[in-house]
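Coordinates in review
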Amino acid sequence: MNLNTITEVKRPASADQITHWRDGYAWLAGGTWLFSEPQVATDTLIDVDALGWPALEASSAGLEIAATCRIAELYRLAAPAAWRAAPLLRECPDALLMSFKIQNAATVGGNICMSLPAGAMISLTVALEGIYTLWPRNAPPREVPAVDFVTGNHANVLRPGELLRSIHLPAAALSKRFAFRRASLTKLGRSAALLVGTQSEAAHDLLLTITAATPRPIQLRFAQVPSATELRRALDERIPHDGYFDDVHGSAPYKRHLTYYFAEQIRAELAQPRAGT
Ligand SMILES: Cc1cc2nc3c(=O)[nH]c(=O)nc-3n(C[C@H](O)[C@H](O)[C@H](O)COP(=O)(O)OP(=O)(O)OC[C@H]3O[C@@H](n4cnc5c(N)ncnc54)[C@H](O)[C@@H]3O)c2cc1C
């Protein structure tokens, strides 16, 4: 849609050119959300596309994803064979509402900064133990673990004018075994629950990430794969009965049910010995 409150679009060659931040400014990435509804409080868009950051840089340390990387580019990454969790780079983009249409325009950073409970790039980067680099205005960069970035529905730790620059996914996390479960009330609909479990190569641990069902990501870390009873107890302790996200994409009791159901499936799957061991 046309945004008739916008009077200026800035296209800086460097983020440092934006030294002064005021109400009415907004970073513009893929624009898929910004142009989907009126932005009455915004008069100036600052386009991050012109910043020219390399989209993806893979190395022995892991994967560096620019905030401006299109979700479709991440989807197409030919990952090293040792990254056993790399299929998540496709499973999570496929979990986006409207999927390929949004995938092709939306950026990884835009999806994260939207901070929706069902933000699929949040699910991905939290499950893979990502670290976000944030660029405040007129202050040194800071790093935030992905799991701590989103604080609630459409809420995060970004300060006014702060830019999400990049996401680092460590090779150790990318090399883990994983199990993925997701449900949506409609085909290509928004996720009602998206859970990912990962397990280190050398250990019998479990890192369980719960998204979409709760307003912000929840992560449970177990040194050993727990029993079904231990898992239920851990979920009970970590997520209060009223701690599930209620919206048109699923009621809170439904999302609670899915969380327990999928968590147990993931636990059982990762409790099995690895193939070949
Ligand atoms: C109809 C509809 C349904 C959707 N359903 C889903 C869904 O089910 N699951 C899901 O995950 N997403 C969903 N989305 C959200 C979609 O994923 C977002 O539109 C998209 O991810 C945003 O990315 P973008 O690059 O287009 O961001 P933009 O629309 O350009 O920006 C989104 C917001 O992030 C800010 N921003 C962007 N980049 C940065 C940055 N680098 N640093 C700081 N702030 C930044 C912008 O200022 C703006 O506030 C839906 C969107 C629409 C319109």
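As a reminder, the structure under discussion sits directly above these lines.
Presented here is a report on the structure given in the accompanying data block. These numbers were taken from a predicted model, which means no experiment stands behind them.

The ligand sits among 29 residues. The nearest are W27, G30, G31, T32 and T107. Here an oxygen atom of the ligand and a backbone polar atom of G31 are 2.8 Å apart. The contact in question runs from an oxygen atom of the ligand to an N or O atom on the side chain of N111, over 2.8 Å. Taken by itself the ligand offers 960 Å² of open surface, and the protein chains cover 91% of this. When residues of the shell around the ligand are traced back to their parent elements, those giving at least two are β2 (25-28), α4 (108-114) and β10 (163-170). Ranked by the residues each element gives to the shell around the ligand, the list is headed by α4, at 4 residues. Class assignment for the residues of the shell around the ligand results in 19 nonpolar, 8 polar and 2 charged.

Turning our eyes to something else, we now look at helix α8 (residues 228-238). For α8, the full list of buried residues reads L231, A234 and L235. For α8, the arc enclosing every buried residue in end-on projection is 100°, short of the 170-degree limit, so these residues lie on one face. Along α8, exposed side chains directed more than 90 degrees from the buried face belong to T229 and E237.

This paragraph deals with the pattern of salt bridges. A pair can form between side chains of opposite charge whenever their charged atoms are brought close. Scanning the entire structure with this criterion turns up 11 salt bridges. Between D236 and R256 there is a salt bridge whose closest N-O contact spans 4.0 Å. One end of the pair, D236, is in helix α8; the other, R256, is in helix α9 (residues 252-271), with 20 residues separating them in the sequence. Residue classification places D236 among the partly exposed positions, given a relative accessible area of 42%.

A few words on α9. Over its 20 residues, α9 runs 28 Å from end to end, which matches the ideal 28 Å to within 8%, given 1.5 Å per residue. Those residues of α9 lying buried are A252, K255, L258, T259, Y260, F262, A263, I266, R267 and L270. In this fold, the buried residues of α9 make contact with β11 (177-184), β12 (191-199), β13 (206-211) and α8.

Taken together, the 5 strands give an open sheet; going across it, the order is β4-β5-β10-β6-β7, and neighbouring strands pair in antiparallel fashion. Sheet topology places β4 (56-59) and β7 (142-145) at the edges, where each strand pairs with a single neighbour. Averaged over all adjacent pairs, the angle separating strand axes in this sheet is 20°, with direction ignored. Direction of pairing for strand β6 (residues 131-135) relative to β10: antiparallel, over a ladder of 5 bridges.

This part covers the side chain of R177. Its place among the elements puts R177 in strand β11. Summary of buried charges: R177 has no salt-bridge partner, and the nearest side chain of opposite charge, E269, is 6.3 Å away. A distance of 2.7 Å separates the side chain of R177 from the side chain of Q199, its partner in a polar contact. Within polar-contact distance, the side chain of R177 engages the backbone oxygen of Q272 at 3.0 Å. Residues in contact with R177, not counting those within four places in the same chain, are R84, G197, T198, Q199, E269, L270, Q272, P273 and R274.

Cut-offs applied
- Residues numbered from 1 in each chain as written.
- Predicted model: local features only at pLDDT ≥ 70, side-chain atom pairs only at ≥ 80, totals over all residues.
- Heavy atoms only, no water.
- Near = heavy atom within 4 Å.
- Polar contact = N/O pair within 3.5 Å; in protein donor to acceptor, adjacent residues only side chain to side chain.
- Areas by Shrake-Rupley, 256 points an atom, 1.4 Å probe, with all protein chains shown as cover.
- Helix = DSSP H or I, 4+ residues; strand = E, 2+ residues; numbered from the N terminus.
- Nonpolar A, V, L, I, M, F, W, Y, C, P; charged D, E, K, R; others polar.
- Buried < 20%, exposed > 50% of the residue type's maximum accessible area, 1.4 Å probe, protein only.
- Arc of directions from axis to C-beta.
- Salt bridge = Lys/Arg side-chain N within 4 Å of Asp/Glu carboxyl O.
- Expected span 1.5 Å × (residues − 1).
- Contact = heavy atoms within 4.5 Å.
- Pairing = 2+ DSSP bridges.
- Axes fitted to C-alpha atoms, helices over the stretch in contact; angles between N-to-C directions.
- Lys, Arg positive; Asp, Glu negative; His and termini not counted.

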